[in-house]
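Overview (structure and organization)
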Amino acid sequence: MHNTDQETPNTASLEKKVGAAMVVGAGVSGIQAALDLANSGFKVYLIDKRPAIGGKMAQLDKTFPTNDCSMCILSPKFIECSTNPNITIMTSARIEGIEGEAGNFTVSLVQEPRYVDEALCTGCGTCAEYCPVNILDLYNESLGTVKCIHVPFAQAVPAVSIVDPASCLFTLREICQICKQSCKNKAIDFKQQEERLHVQVGSLILAPGYEPFAPELQSQYGYKRLSNVVTSLEFERMLSASGPNMGELLRSSDHKPPKRIAWIQCVGSRDSTVGNSYCSAVCCMYAIKQLILSKDHHPEIEAAIFHNDIRAYGKGFDRYFERAKNMPGVRFLWSKIHILGEDPETKSVLIRYRVNGNEVKDEAFDLVVLSVGLNSTESSNELAESLCIERNTYGFCESPSFSPIEDLCANTTPTNELPGHLSV
């Protein structure tokens, strides 16, 4: 006769499992992972270090090769995440530590204060109208300014204002609370403190994203020194209807439409001098997309892409490349370039390049766009090290060349078994 009160080994092990998951990083991949898990019936904690979800894709104007609006793709996912009862969104948060075993982790989080009560704020923006302090707008790549208290961007989720404590007159010197007085919902709370939270989950998905290469490291391109040399992400905001110029393609130096634009490829990619000999895989295509969008804004624009072989390898990519090549006033030039400087009167950028082996040409362009590569983030490197996740020499998760989603971490699982139940 069997004792039914005694737990079987399988029952005991199941009781230790936690039926919840945490997705670290709320860019488009993290958002989709959270939605897939939630729709499968799991409780999901979606966390991000930024004050709103969306990541880099939220800053893009269009996507290649269809030229679909980036926000038209993302915004419905924002709403799904915010209304799904299985998803808890935790912004301005970072992981401090992880303990436990496979299927039962305790994740320690640090959540920075917004100085605004999320339950009370409606995102109306009245507080921003009264705030006397302007700061650089990070969403617009510092090409414009916003108030010290602001909603991160128009479609942000959560649609809640946040205070920049490094610039706020009250957090610095306690001499201003005009935003608090103007808020009818009494949502602004300068007493908020950093919170430490502990969340139990059975598994984690790491979607830490990337950081654009910093072109200041290659002084030959004149970035930050020449007013009309911009990065590809800055140019993306210049094109966008929600950007600093409200969709008008204008130069930073004189706010006039550029007539001649040059794109320089492989800035921070396929370049051993900066330690990034890998191809970032997207730069050729986003430069082509930006060229096409620029021609949509101003068909008379003359455009040149200086490249080291165009890599258009995805579905529909080559057709997209051919479309750009056949546009009037468009050139694709296989050449390395050297920036000579700028015209002191027009602020046009002077470029020297070699064609046909030995022929050297000098040209002036109204605007130069640096197609920067993608780097792993410092925070993701720290997280990978703490979780014993194997990385390659460039800081990205190690994976087989032809099976990029295969989990190599399972082959190097330490005694605490953490990486075997992490997805990257």
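Structure: above.
Every value quoted in this text rests on a predicted model; they were computed, and no experiment measured them. (Residues numbered from 1 in each chain as written. Predicted model: local features only at pLDDT ≥ 70, side-chain atom pairs only at ≥ 80, totals over all residues. Heavy atoms only, no water.)

1. Examining unusual backbone geometry
- Phe-64 connects to Pro-65 through a cis peptide bond whose omega is 0°.
- If you trace the backbone, Pro-65 turns up in the loop between β3 (62-63) and β4 (68-69).
- Here Val-157 and Pro-158 are connected by a cis peptide whose omega angle stands at 0°.
- Here Pro-158 is to be found in the loop between β10 (149-150) and β11 (162-163).
- A positive phi is found at His-255, a non-glycine position, where the angle reads about 55°.
- Among the residues examined, His-255 registers a relative accessible area of 54% and is labelled exposed. (Helix = DSSP H or I, 4+ residues; strand = E, 2+ residues; numbered from the N terminus. Buried < 20%, exposed > 50% of the residue type's maximum accessible area, 1.4 Å probe, protein only.)

2. Some points on the packing of helix α7 (residues 232-239) against helix α8 (residues 283-297)
- Their axes nearest at 11 Å, the elements α7 and α8 cross at an angle of 30°. In terms of orientation, α7 and α8 fall into the roughly parallel class. For the crossing formed where α7 meets α8, the hand is left-handed. Across the interface between the two elements, Ser-232, Phe-235, Glu-236 and Leu-239 of α7 pack against Tyr-286, Lys-289, Gln-290, Leu-293, Ser-294 and His-297 of α8. (Axes fitted to C-alpha atoms, helices over the stretch in contact; angles between N-to-C directions. Parallel < 35°, antiparallel > 145°, perpendicular 65-115°, else oblique. Left-handed = near helix turned anticlockwise from the far one by under 90°. Contact = heavy atoms within 4.5 Å.)

3. Quick word on the sheet that holds strand β21 (residues 359-365)
- Reading across the sheet, the 3 strands line up as β19-β20-β21 and stay open at both edges, with antiparallel pairing between neighbours. A single partner strand is all that each edge strand has here, and the edge strands are β19 (337-342) and β21. Along the sheet, successive strands turn relative to each other by an average axial angle of 25°, direction set aside. (Pairing = 2+ DSSP bridges.)

4. Regarding the packing of helix α2 (residues 28-39) against helix α3 (residues 70-83)
- Where α2 contacts α3, the two axes come as close as 10 Å, and the packing angle between them is 45°. Judged by the angle between their axes, α2 and α3 are oblique. Here α2 runs over α3; the crossing is left-handed. Only Leu-74, Lys-77, Phe-78, Glu-80 and Cys-81 of α3 make contact with α2, whose side of the interface consists of Val-28, Ile-31, Gln-32 and Leu-35.

5. Let's talk about the sheet that holds strand β6 (residues 93-101)
- Spatially, 3 strands are ordered β6-β7-β12 in an open sheet, and the strand pairing comes out antiparallel. Both outer strands of the open sheet, β6 and β12 (195-201), are each paired with one neighbouring strand and no more. Taking the axes of each pair of neighbouring strands and ignoring which way they run, one obtains an average angle of 20° across the sheet.
- As paired elements, strand β7 (residues 104-111) and β12 share 7 bridges and run antiparallel to each other.

6. So, the nonpolar core
- One finds Phe-235, Ile-261, Trp-263, Ile-288, Leu-291 and Phe-332 to be the most contacted residues of the largest nonpolar core, which totals 28 residues.
- Contributions of two or more residues to this core are made by α7, β16 (260-267), α8, β17 (302-307), α9 (317-325), β18 (330-334) and β22 (367-372).
- With 24 residues, the next largest nonpolar core counts Val-23, Ala-26, Cys-81 and Val-157 among its residues. (Core = buried A, V, L, I, M, F, W, Y, C linked by side-chain atoms within 4.5 Å.)

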